[in-house]
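# Structure at a glance
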Amino acid sequence: MLHLFCPYCQELREENEFHYRGQAHIVRPKDPESLSDKEWGDYLFFRNNSKGIHHEMWYHVSGCRRFFNVTRNTVTYEIYETYKIGETPAVTDKEETE
Amino acid sequence: MSQQNRLAQGGRIDRNRVLNFSFAGQTYKGYEGDTLASALLANGVDVVGRSFKYSRARGITGHGSEEPNGVVQLGTGDSTVPNVRATQQELYSGLVSNPVAGWPSLQFDLMSYLGKAGAMMPPGFYYKTFMYPQKLWMTYEHFIRKAAGLGKAPTAPDPDTYDKFNQHCDVMVVGGGPAGLSAAYAAAKTGARVIIADEQSEMGGHLLTFEQTINGQSSSLWLAEMVAELNAMSNVKVLPKTTVMGYFDHNFLVAIERRTDHLGERAVSGTRQRSHRIRAKQVILAAGAQERPLVFANNDVPGVMLASSVTTYIKRYAVVPGHNLIVSTANDSGYLAAIEWSKAGRNVVGIADSRPHSDGALVAEAKALGIDVWFGHGVMEVKGGRRVYSASVAAISAEGDRIIGDVKTYDCDTVATSGGWSPVVHLSCHTGSRPVWRDDIIGFVPGKALQAQHCVGSIMGDHQLADCVHGGLETGSKAAAQAGFGDGELLMTKPDIERLAEGKAQALFLVPHKKNVSRAPKQFVDLQNDVTAAGIELATREGFESIEHVKRYTAMGFGTDQGKLGNVNGMAIAARSLGKSIEETGTTIFRPSYTPSTFGALAGRDADTLFDPERYTAIHQWHIDNGAVFEDVGQWKRPWYYPQPGESLSEALNRECLATRNSVGILDASTLGKIDIQGKDAREFLNRVYTNAWSKLAIGKCRYGLMLKEDGMIMDDGVTSCLADDHFIVTTTTGGAAAVLEWLELWHQTEWPELEVYMSSVTDHWSTMTISGPNARKVLAKVCHDIDLDKEAFKFMEWRNGSVAGVTARVFRISFTGELSYEINVSANDGLFVWEALIEAGKEFSITPYGTEAMHVLRAEKGFIIVGQDTDGSVTPYDMDMGWCVGKNKAFSFIGKRSFDRPDTQKADRKQFVGLKTKNSDEVLPEGAQAVWDPKQAIPMTMVGHVTSSYYSAVLGRSIALAVIKEGHKHKGETLYFPLADGRVIEAVICDYVFYDPEGERQNV
Ligand SMILES: [Zn+2]
């Protein structure tokens, strides 16, 4: 069971207070109509399957009801950081930023 | 003869407390302090089970959680527990136990029967024998599950209580041997909160059976002082009888404490077991090592035991499990069994030591006792059925790979073996860390720590008491420092402990036989799963090179055993067969649970309604008093229908539906999700998350809306009402309320934080009751005097503030039945009062409460969808013919809109929402029935859609159904066929989905 630090509550809380909400930093296109089907399909359906560093969104459903981001290692489940929506992660995978 | 193997003195048992118990129907006597296994051995019980594949007689082999054979069904009836290790079960008065292997009984064994029928059951039999013909798989599976399952689960609810503790500590110590105790002590002295758990009934580990001097006094004295001191410290929790069954992410451990299992079959008072859910800042694994047996021919015959187990039975329980002992060992520690056996006054035939020599202290002691030691020898084979009667001892090569001399056979009834010590790496494996092979200690040790974890003692291959105690103190103090207590400097002096002289151990796993492995009598590696050395070699010959594949092919280390005794031997045999080193071959990974855990302990109090709470509306008691039958909708209990005496479901249903259509019905709709949305941008927010346009929705008006996922598929629906320009109330489906709120929060917080909008679930704040039917207005008029109910003043799809029965209310004129309807919302506290007032007011119109079933029929007659029943996450508003509620000209590209132009949503052959009328009007299609155009086509047929809702409609006097059918809209009037599982084929014609009042006049009166 993960131990997550909610950046809003400023506390470590047990995983069962949270919902996982998938990959973080997926921005909704400003003008969906201008996108090709392929581009829209990428936004809709394609997600990273990272081995290692992964930025993901969690929801503190049984707490402050805020969404926040987590940088987690998908192999070891180590959590490097948690940060608020709109903030940028301090820990990133070099390949990811290509 | 009673307890013929019990010594007159010694042991940690109380001879004054005699306990009666039974095994396999026989009654015996033991003493308090015994385990079931020690008591059975004391009574000379050799056979405790039959092996699962070959049906061979098996006896007690070990003395702890590693025991592969002595696995029993404990107790009877509701409180029975399967998979209990006799070696771990403390004896109590009246204990009832039965063997679990050898299904269905020790006398008649299915597997031996199958064996005689011809199946030889080579390794891989799961995959080979039972794969073909595929048709028979179900039959095979039935037998395999019975045969492989060790024990029976009770069928009645567990009568005992269990609980869970959430624990937090600075340092968690797993294992209460000398290393663990020292670590806990050093950590606790810094002030850190410490928990120490050990699966045995007493703390002490190896010191319970072995003595050495510490600071010039007996180690048992040191042990007693240490345990007393830890128990006395308020920052330390000492948990004996507690197995840490799993080590999970972020230093979370689950430990199961057996609180009353040593006292009786049922907990007399308190909880039977307790699971401690421990979040630790630092974890110290001091789980020790398990002795590894040597593999040789017929090494499964009762009487073949681990050397350390023989020692333990003698020292701890004063039981000598035989008369004539031969030890076969590859190290010094095996000698201890012979020394204690001899001291107990029984005969040691000799010690076969595979090594050329050893100058160890134990070797010298054995020689001094006059015991024969045969260096360069090993036990190659034993003979016996229900008990060993002889052992063949052979001279073996220095490499341990072949016989180099004569084989001598000696009479004996017990063979104790020691192939070395395997660190208990299981918990470290649970974190995902791969064990690392170390040639110097001939074993796998925990790999790189992935969490805040330390290992100390024999889990790291350090068996010297001095290393365990000194290392424990250092590790405890270091872990405490890392948890923020102390600076890591020891707060005590290290005790003085003499190091024992020890001869170098030899890496021997399989004692060679005169015949090669495939021809020799069976050499068992994994006793619980009946895996032999020949089986492993066969697996490698058949091309399984990865140790993980070898494991799955042979079933080695499967199930409740988790490879405790067999794994390392298996790896070594596989490595040799593959011509690789053990390091190259690697090991399989152990998974939780370390030993079987009861469901009771895992569930704790989270059973029944405490696990899945039931939610009741404020009007619930009235429903009970009026005979409602309830159905579960999510966690809610909703009235399903209200049968009158003698009425069937369909009779009640028809009555409720007709009453609503002809006069007036009343429904408790409180469970509908309600979300209050406020803020200056609330309207814009709704524009973005709903398909509908909200810009022009005036105060006092309501609108039905559809919510889509970004892929264009319907996710939820409901009515939204404008309370003020910056204030709306949204209703959701009963089951979808929480998910919709999360969805709205998601978009607001992550994409549009600039919108000023606030939302809150208000479902429980309101009681909602719907009165529906031609007389609804008349009923409401009797109890509501401050709202103008005139049909022009208060129109369909409008809402008003007012009072109902004197209670402040919001009244919505919306309809889910197609009849004139009012939805009355009052504070939940007043719900029952207002409901009763409406019932009273409606008496003259025979107002009829109706349940969810009638609600479903009434809405289906009108073709109104239920999200999640008529939709399944794969239909768009257009598929449902609901393009009318899509605001195509909204400025913002609302969620899902772009996906209407995806090739998939544009496909011509999408399933579309239609009505169905069966040819035979009495026949009700089953929901989920698949539609085909041609019922005579070959199987598998081409299915073109399915029934989503289906009922008998009383008002129409016929059955009706809703369905999604490929290109359904253009096939109206055509006949579809529904082949059912029972062979019937139902014929139905596609029609419009609105069956009743297609013009919608009734709701507008
Ligand atoms: Zn929070």
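Keep in mind the model is a prediction, meaning the values are calculated, not measured.

### What to know about the UniProt feature "domain: FAD/NAD(P)-binding" (unreviewed entry) in chain B
The residues that UniProt annotates with the feature "domain: FAD/NAD(P)-binding" (unreviewed entry) are residues 170-425 of chain B. With 21% helix and 40% strand, the stretch residues 170-425 of chain B has end C-alpha atoms that lie 22 Å from each other.

### Quick notes on the side chain of Asn-687 of chain B
With respect to the helices, strands and loops of the structure, Asn-687 of chain B is situated in helix α19 (residues 682-689). Polar contacts involving the side chain of Asn-687 of chain B include one to the main-chain amide nitrogen of Trp-694 of chain B, which spans 2.9 Å.

### Looking at the pairing of strand β39 (residues 766-772) of chain B
Residue and element names in this part refer to chain B. By the criterion of burial, β39 is predominantly enclosed, with 6 of the 7 residues buried. Bridge count for strand β33 (residues 665-668) against β39 is 4 bridges, and the pairing is antiparallel. Among the inter-strand pairings, Leu-667 is bridged to a residue of β39, identified as Thr-770. Pairing of β39 with strand β42 (residues 821-827) involves 7 bridges; the strand directions are antiparallel. Note that in β42 the partner of Thr-768 across the bridge is Asn-825.

### Focus on the coordination of the zinc ion
All names here are of chain A. Every protein donor of the zinc ion is accounted for by Cys-6 (SG), Cys-9 (SG), His-60 (ND1) and Cys-64 (SG), and the metal-donor separations fall at 2.0 to 2.3 Å. The coordination sphere of the zinc ion comprises 4 donor atoms, whose angles at the metal cover 107 to 114°; the geometry is tetrahedral. Summarised as a motif, the one-chain spacing of the donors to the zinc ion is C-x2-C-x50-H-x3-C. Residue Cys-9 is located in the loop between β1 (3-6) and β2 (11-14), and its partner His-60 is located in the loop between β4 (53-59) and β5 (67-73); the two are separated by 51 residues in the primary sequence. On the basis of relative accessibility, which here comes to 31%, the residue Cys-9 falls in the partly exposed class. Note on His-60: relative accessible area 1%, which makes it buried.

### Some details on the pattern of salt bridges
Enumeration according to the criterion identifies 64 salt bridges over all chains in this entry. The salt bridge involving Arg-13 of chain A is made with Glu-17 of chain A; its shortest N-O contact spans 3.0 Å. On the basis of relative accessible area, Glu-17 of chain A is assigned to the buried category, the value being 16%. Lys-343 of chain B is the partner of Glu-365 of chain B in a salt bridge, and the nearest nitrogen-oxygen pair spans 3.3 Å.

### Regarding helix α23 (residues 852-861) of chain B
All names here are of chain B. The buried count for α23 comes to 10 of 10 residues, which makes it a mostly enclosed element. Considered for burial, the residues of α23 that qualify are Thr-852, Glu-853, Ala-854, Met-855, His-856, Val-857, Leu-858, Arg-859, Ala-860 and Glu-861. Contacts made by the buried residues of α23 are with β31 (629-633), β32 (636-641), α18 (649-662), β33, β46 (945-953) and β47 (958-966). Backbone geometry just after α23 places Gly-863 at a positive phi near 75°.

So, how was this worked out
- Residues numbered from 1 in each chain as written.
- Chains lettered and ligands numbered in written order.
- Predicted model: local features only at pLDDT ≥ 70, side-chain atom pairs only at ≥ 80, totals over all residues.
- Heavy atoms only, no water.
- UniProt positions renumbered as here; feature names shortened; annotations may be inferred.
- Helix = DSSP H or I, 4+ residues; strand = E, 2+ residues; numbered from the N terminus.
- Polar contact = N/O pair within 3.5 Å; in protein donor to acceptor, adjacent residues only side chain to side chain.
- Buried < 20%, exposed > 50% of the residue type's maximum accessible area, 1.4 Å probe, protein only.
- Pairing = 2+ DSSP bridges.
- Donors = N, O, S within 2.8 Å, 3.2 Å for Na, K, Ca; no water.
- Tetrahedral: all angles 85-135°; square planar, octahedral: opposite > 155°, others 65-115°.
- Salt bridge = Lys/Arg side-chain N within 4 Å of Asp/Glu carboxyl O.
- Contact = heavy atoms within 4.5 Å.

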